[in-house]
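This is what each chain is made of:
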Amino acid sequence: VDPNVPMSEDCLYLNVWTPAKSADEKLPVFVWYFGGGLQWGYPLEMEFDGERMARRGIIVVTVNYRLNVFGFVSDGSVPYNLGLHDQIAALRWVNENISAFGGDPDNVTLSGQSAGAISTQILALDDGVKALVKRVFMMSGGGFVKGVFRPHNARLTARLAEKTVRCAGVQSFAELKTLGAKELFDAWNKAFNSSPLMQLAVLPAMDGVIARKERYESFGRDGQLPALIGVTSEDLIAPLMRSAAKSYAVKSPADCWQYMFSKEPPGGGRKGAWHSSDLWYVFGTLSRSHRPFGEDDRELSRRMTDAVCA
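Procedures and definitions
Residues numbered from 1 in each chain as written. Predicted model: local features only at pLDDT ≥ 70, side-chain atom pairs only at ≥ 80, totals over all residues. Heavy atoms only, no water. Salt bridge = Lys/Arg side-chain N within 4 Å of Asp/Glu carboxyl O. Helix = DSSP H or I, 4+ residues; strand = E, 2+ residues; numbered from the N terminus. Buried < 20%, exposed > 50% of the residue type's maximum accessible area, 1.4 Å probe, protein only. 1 Å grid on protein atoms, 1.4 Å probe; cavity = no way out; pocket = protein on both sides within 12 Å on 5 of 7 lines; lining within 4 Å. Points joined across faces, edges and corners; volume = space filled by probe spheres on them. Nonpolar A, V, L, I, M, F, W, Y, C, P; charged D, E, K, R; others polar. Core = buried A, V, L, I, M, F, W, Y, C linked by side-chain atoms within 4.5 Å. Contact = heavy atoms within 4.5 Å. Pairing = 2+ DSSP bridges. Expected span 1.5 Å × (residues − 1). Axes fitted to C-alpha atoms, helices over the stretch in contact; angles between N-to-C directions. Parallel < 35°, antiparallel > 145°, perpendicular 65-115°, else oblique.

Two side chains carrying opposite charge are able to pair once their charged atoms lie near each other. Following the criterion strictly, the structure yields 12 salt bridges and no others. In this structure, K263 engages D297 in a salt bridge whose closest nitrogen and oxygen atoms are separated by 2.9 Å. With a gap of 34 residues between them, K263 in the loop between β9 (256–261) and α12 (279–283) and D297 in helix α13 (residues 295–309) connect regions that are remote in the sequence. In this structure K263 comes out as partly exposed when scored by relative accessible area, which is 23%. Notably, a salt bridge pairs R302 with E295, separated by 2.5 Å at the nearest N-O pair. Among the residues examined, R302 registers a relative accessible area of 35% and is labelled partly exposed. When salt bridges with common partners are traced through the structure, they connect E295, R298, E299 and R302 into a single cluster.

The next thing to look at is the side chain of T305. Within the secondary structure, T305 sits in helix α13. A residue is classified by how much of its surface remains accessible, and T305, at 0% relative accessible area, is buried.

Let's shift gears to the layout of surface pockets. Gaps left between atoms show up when a probe the size of a water molecule is rolled over them. Reported here for the second largest pocket is a volume of approximately 340 Å³. What lines the second largest pocket is a set of 17 residues, among which T109, R135, A307, V308 and A310 lie closest to the centre. For the lining of the second largest pocket, the secondary structure elements donating two or more residues are β2 (27–33), β4 (103–113), β5 (135–139), β8 (227–232) and α13. For the lining of the second largest pocket, the residue count by class is 14 nonpolar, 2 polar and 1 charged.

Note that soluble globular proteins tend to have their nonpolar side chains buried in a common cluster. V31 and L110 are the most contacted members of the largest nonpolar core, which has 89 residues in total. No other element matches β2, which puts 6 residues into this core. Each residue touching V31, except ones within four places of it in the same chain, is listed here: V61, V63, L91, V94, V108, T109, L110 and S111.

Residues in a regular strand project their side chains so that they alternate between the two faces of the sheet. Burial analysis of strand β3 (residues 59–63) places 5 of its 5 residues in the buried class, the great majority of the element. Of the two faces of β3, both are covered, the one formed by I59, V61 and V63 as well as the one formed by V60 and T62. By the bridge criterion, 4 bridges tie strand β1 (residues 14–17) to β3 in an arrangement that is antiparallel. By the bridge assignment for β3, V16 is matched with V61.

A few words now on unusual backbone geometry. Peptide bonds are mostly trans, and most non-glycine residues show a negative phi. Residues other than glycine seldom take positive phi values, yet L38 does so here, at roughly 60°. Its place among the elements puts L38 in the loop between β2 and α1 (51–54). Positive phi, normally seen in glycine, also occurs at N81, with a value near 55°. Tracing the sequence through the fold places N81 in the loop between α2 (68–71) and α3 (82–97). Under the relative-accessibility criterion, N81 is labelled buried at 3%.

This brings us to helix α11 (residues 238–251). The first and last C-alpha atoms of α11 sit 20 Å apart over 14 residues, in line with the 20 Å expected at 1.5 Å per residue. Listing the buried residues of α11 in full gives A238, M241, A244, A245, S247 and Y248.

What follows is about the sheet that holds β3. Taken together, the 7 strands give an open sheet; going across it, the order is β1-β3-β2-β4-β5-β8-β9, and neighbouring strands pair in mixed fashion. At either margin of the open sheet sits one strand with a lone partner, and together these are β1 and β9. Averaged over all pairs of adjacent strands, the angle between strand axes in this sheet comes to 20°, irrespective of strand direction. Where β5 lies against β8, 4 bridges are found, and the strand directions are parallel. Looking at the pairing, M139 lines up with G230 of β8.

Here we take up the environment of G35. Following the sequence through the fold, G35 ends up in the loop between β2 and α1. Residues G35 and S140 lie 105 residues apart in sequence; the distance between their C-alpha atoms is 9.5 Å. Apart from the residues within four sequence positions on either side, G35 is in contact with W40, G41, Q113, S114, A115 and G116.

A pair of packed helices is captured by two measures, namely the crossing angle of their axes and the spacing between those axes. Interaxial distance between α3 and helix α4 (residues 115–123) falls to 11 Å at its minimum, and their mutual angle equals 70°. Comparing the axis directions of α3 and α4 gives the class roughly perpendicular. Contact with α3, carried on its side by L84, Q87 and I88, involves S119, I122 and L123 of α4 and no other residues of that element. Taken together, the residues of the contact of α3 with α4 sort by class into 4 nonpolar, 2 polar and no charged.

Given below as structure tokens:
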């Protein structure tokens, strides 16, 4: 977690960029969930500033939601997947209020990258969300592979909750509520880093409310939202990413498109098009990066931003 970024439990905000001159314009709306493994992140990272996209004539909404112990830990005594509930609340807010910003509540694209893409995929199976969204765009986290990019059994989340209780030095999950935010986070962080299994446990759980097993089983038979799925050439386990995206597209009865981003950003460091490197290009935020982007990068960015905003 970046120590220079202010953190607080008072975090349920969203940001809106609109080019509309009046509330009567009915512009398309692009809702964005950031990534970060559901462990960290925030909606004002430099990569996804919404100004450039909004200049293309759309409204951009970036959403904050609860993470780590605050959003994805439960022993069952409180709802699982609170962070997903936050994301749905944001979509409902957009549906009810975006017209005041010149937006069209009937033309909403739901999107996200990495953990934000996994969240998008889960929510896009929910009938209530389908009524609020016209299409989805998932970057580096969309698709189906058993055990990956889909919720796990809630018992695993409960094990992380039990481990957090022990690391906090309290006797019950209910007692965690008596701790301050930093104490609570530190206990979760210790539990989370105790084993690879606990790191997996922070992913969303099959809660029977938002994430339901039957929705995955009936995916190819139910009505689905059109989807665009992006992967980078050197993504996290890139072959698995590509396989997951292909599986989704093959099974979905709706129109699906895929892209693979292979442009290596200049400036050294990791080789190839690494996980999240396409964010700068899609959002048109190259000027906010320290990397020495050239005209070829800027032209590619213009084309990608135009394509997403079309």
